[in-house]
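# Fold and geometry: a report
Listed below, chain by chain, are the residues.
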Amino acid sequence: MSRIAYVNGQYRDMRDASVNIEDRGYQFSDGVYEVCEIRGGKVVDMPRHLTRLQRSLRELRIDMPMPLAALEVVIHETVRRNRVTYGIVYLQVTRGVARRDHAFPVKPVKPAVVVTARALNFQKNQETAAKGIGVITVPENRWPRVDIKSVSLLPNVLAKQQARENDAYEAWYVDSNGHVTEGSSSNAWIVTRDGSVVTRSAESGILAGITRAVLTEVMAALQIKFEERPFTPAEAYEAAEAFVTASSQIVMPVVKIDGRSIGDGKPGSVSMRLREEFHRFSAFS
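First, a word on scope: everything that follows refers to the structure included in this document. (Residues numbered from 1 in each chain as written. Predicted model: local features only at pLDDT ≥ 70, side-chain atom pairs only at ≥ 80, totals over all residues. Heavy atoms only, no water.)

## A closer look at the packing of helix α6 (residues 210–222) against helix α8 (residues 269–277)
As a reminder, the rule being used: Only the stretch in contact is used when fitting a helix axis, every axis being a line fitted to C-alpha atoms; angles between N-to-C directions are given from 0 to 180 degrees. Only DSSP runs of H or I with at least four residues qualify as helices, and only runs of E with at least two residues qualify as strands; both kinds are numbered from the N terminus onward. Working rule for angles: under 35 degrees goes down as roughly parallel, over 145 as roughly antiparallel, 65 to 115 as roughly perpendicular, anything else as oblique. Working rule for contacts: check all heavy atoms of both residues, and any pair within 4.5 Å makes them a contact. Each residue is assigned to one of three groups, with Ala, Val, Leu, Ile, Met, Phe, Trp, Tyr, Cys and Pro labelled nonpolar, Asp, Glu, Lys and Arg labelled charged, and all others, Gly among them, labelled polar.
In the contact formed by α6 and α8, the axes pass within 10 Å of each other and the chain directions differ by 105°. Judged on the interaxial angle alone, α8 and α6 are roughly perpendicular. The residues of α8 that touch α6, namely those facing Leu215, Val218, Met219 and Leu222, are Arg273, Leu274 and Glu277. Of the residues contributing to the contact of α6 with α8, the split by class is five nonpolar, no polar and two charged.

See below:
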């Protein structure tokens with residue numbers, strides 16, 4: 001079955017879908033995006049994602065492309081037309097089409113919207129979680145406004161490629177103070193040997209992940225100790241467990257960092273419990 005994309009007011013076959021070459025997303029990475037999990041044919045935590053989308057747009061001074069209710073309809077319709085029961089839906093909003101000039105268009109233009117959906121392999125995802133993944137650490141080299149979910153992702157692309165070339169699944173950025181910030185496409189976590197779950201505060205230096213936010217509610221309900229603070233790669237090497245979170249991975253156990261086995265080299269009990277409990281605390285629409 002052909003995949004269907006929503007592009008600026010029309011649902012098109014992916015083979016025919018296109019955007020203008022002077023779209024500022026293409027020319028300048030002048031846009032933002034969101035990725036939501038699809039589970040059982042429903043979109044997971046869409047209200048949280050759309051709230052973050054609105055914040056990102058405000059920070060870049062891009063108008064909402066349509067009323068929120070209309071955008072929700074487009075997202076659901078894109079999922080329906082692609083018949084995705086398990087996978088992801090991708091939403092991108094750019095400033096729009098204008099003659100190439102670094103400054104904002106003098107005459108306001110309509111923001112451009114693209115929505116796509118695709119299926120993922122649930123069984124493969126489960127098998128990956130059962131084995132755990134490896135990560136590497138790389139120097140932080142991104143712009144300071146990583147709190148905006150911008151489509152400007154070239155440093156993330158290079159970090160992810162470096163991970164792949166080192167037989168790892170993800171790369172964790174390390175800032176100038178020697179602390180882990182986050183992954184190239186995920187938030188980074190460790191579990192200390194006394195059972196505390198640790199991740200960096202979302203106040204600065206990382207994206208406020210939606211999965212991250214829901215997970216804090218999960219831990220509160222399960223009475224799992226939680227600390228928001230920086231941690232170093234050295235502390236991570238000595239941790240009992242580690243994991244990453246993202247919409248497409250939920251809670252993915254990490255069993256190796258920079259080639260060093262974490263804990264007993266297998267997914268830990270805390271990570272797996274959080275993964276199993278996560279969707280009890282998610283909103284489905």
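Moving on, there is more to tell.
## What about the sheet that holds strand β4 (residues 42–43)?
Test applied: DSSP-based pairing: two strands are paired if at least 2 bridges between them are found.
With antiparallel pairing, six strands are arranged side by side in an open sheet as β2-β1-β6-β5-β3-β4. Strand pairing shows two members of the sheet lacking a second neighbour, β2 (10–13) and β4, which therefore form its edges. As paired elements, strand β3 (residues 31–39) and strand β5 (residues 86–94) share nine bridges and run antiparallel to each other. The residue bridging Ile38 from the neighbouring strand is Gly87, located in β5. Helix α2 (residues 46–60) contacts β3, β4 and β5 of the sheet and is inclined by roughly 175° relative to β3. Lying on the sheet, helix α3 (residues 68–82) is in contact with β1 (4–7), β2, β3, β4, β5 and β6 (112–119); it crosses β6 at an angle near 35°.

## Some words on the packing of aromatic side chains
Let me state the cut-off plainly: Two rings from Phe, Tyr or Trp (for Trp, the six-membered ring) form a pair when their centres are within 6.5 Å of each other. A pair whose planes differ by under 30 degrees is stacked, one over 60 is edge-to-face, and the rest are tilted. Burial status follows relative accessibility: with a 1.4 Å probe on protein chains alone, a residue under 20% of its type maximum counts as buried, one over 50% as exposed, and anything between as partly exposed. By definition here, charges over rings are those cases where NZ of Lys or CZ of Arg is within 6 Å of the ring centre and within 35 degrees of the ring normal.
For the structure shown, the criterion picks out six aromatic pairs. Measuring from ring centre to ring centre gives 5.1 Å for Tyr86 and Phe122, while their planes differ by 90°; the resulting arrangement is edge-to-face. In this pair, Tyr86 is assigned in strand β5 and Phe122 in helix α4 (residues 122–131), connecting sequence segments 36 residues apart. A relative accessible area of 11% means that Tyr86 is categorised as buried. For Phe122, a relative accessible area of 33% corresponds to the partly exposed category. With a centroid separation of 6.0 Å and an interplanar angle of 35°, the aromatic rings of Trp189 and Phe226 are classed as tilted. Separated by 37 residues along the polypeptide, Trp189 in strand β10 (residues 187–191) and Phe226 in strand β12 (residues 226–228) bring together distant segments of the chain. A residue is classified by how much of its surface remains accessible, and Trp189, at 0% relative accessible area, is buried. Three or more aromatic residues joined by ring pairs make a cluster, and in this case those are Trp189, Phe226 and Phe243. When the ring centre of Phe104 is taken as reference, the NZ or CZ atom of Arg95 above it lies at 3.7 Å. The cationic tip of Arg260 hangs over the ring face of Tyr237; the distance from NZ or CZ to the ring centre is 4.1 Å.

## Describing the pairing of β1
Residues Ile4 and Tyr6 point to one face of β1 and Ala5 and Val7 to the other, with burial holding for every one of them. Relative to β2, β1 runs antiparallel, the two being bridged by four bridges. Pairing of Tyr6 across the sheet is with Tyr11, part of β2. Between the antiparallel neighbours β1 and β2 lie two residues, among them Asn8 with a positive phi of about 50°. With two bridges connecting them, β1 and β6 associate as antiparallel partners. Bridge assignment links Tyr6 to a residue of β6, and that residue is Val115.

## Focus on empty space enclosed by the protein
Here is the rule we go by: Grid points spaced at 1 Å over the protein atoms alone were grouped into cavities, where a 1.4 Å probe fits but cannot get out, and pockets, open sets with protein on both sides within 12 Å along at least five of seven lines, with lining residues defined by an atom within 4 Å of a point. Grid points are joined across faces, edges and corners, and a volume is the space filled by probe spheres set on the points.
Counting across every chain of the model gives two cavities of 30 Å³ or more. What lines the largest cavity is Cys36, Glu37, Val44, Asp45, His49, Ile210, Thr211, Ser247, Ile250 and Phe278. Secondary-structure elements contributing two or more residues to the lining of the largest cavity are β3 and α6. Of the residues contributing to the lining of the largest cavity, the split by class is five nonpolar, three polar and two charged. There is about 40 Å³ of room inside the second largest cavity. Elements with a minimum of two residues in the lining of the second largest cavity: β3 and β5. For the lining of the second largest cavity, the element with the highest residue contribution is β5, accounting for three residues.

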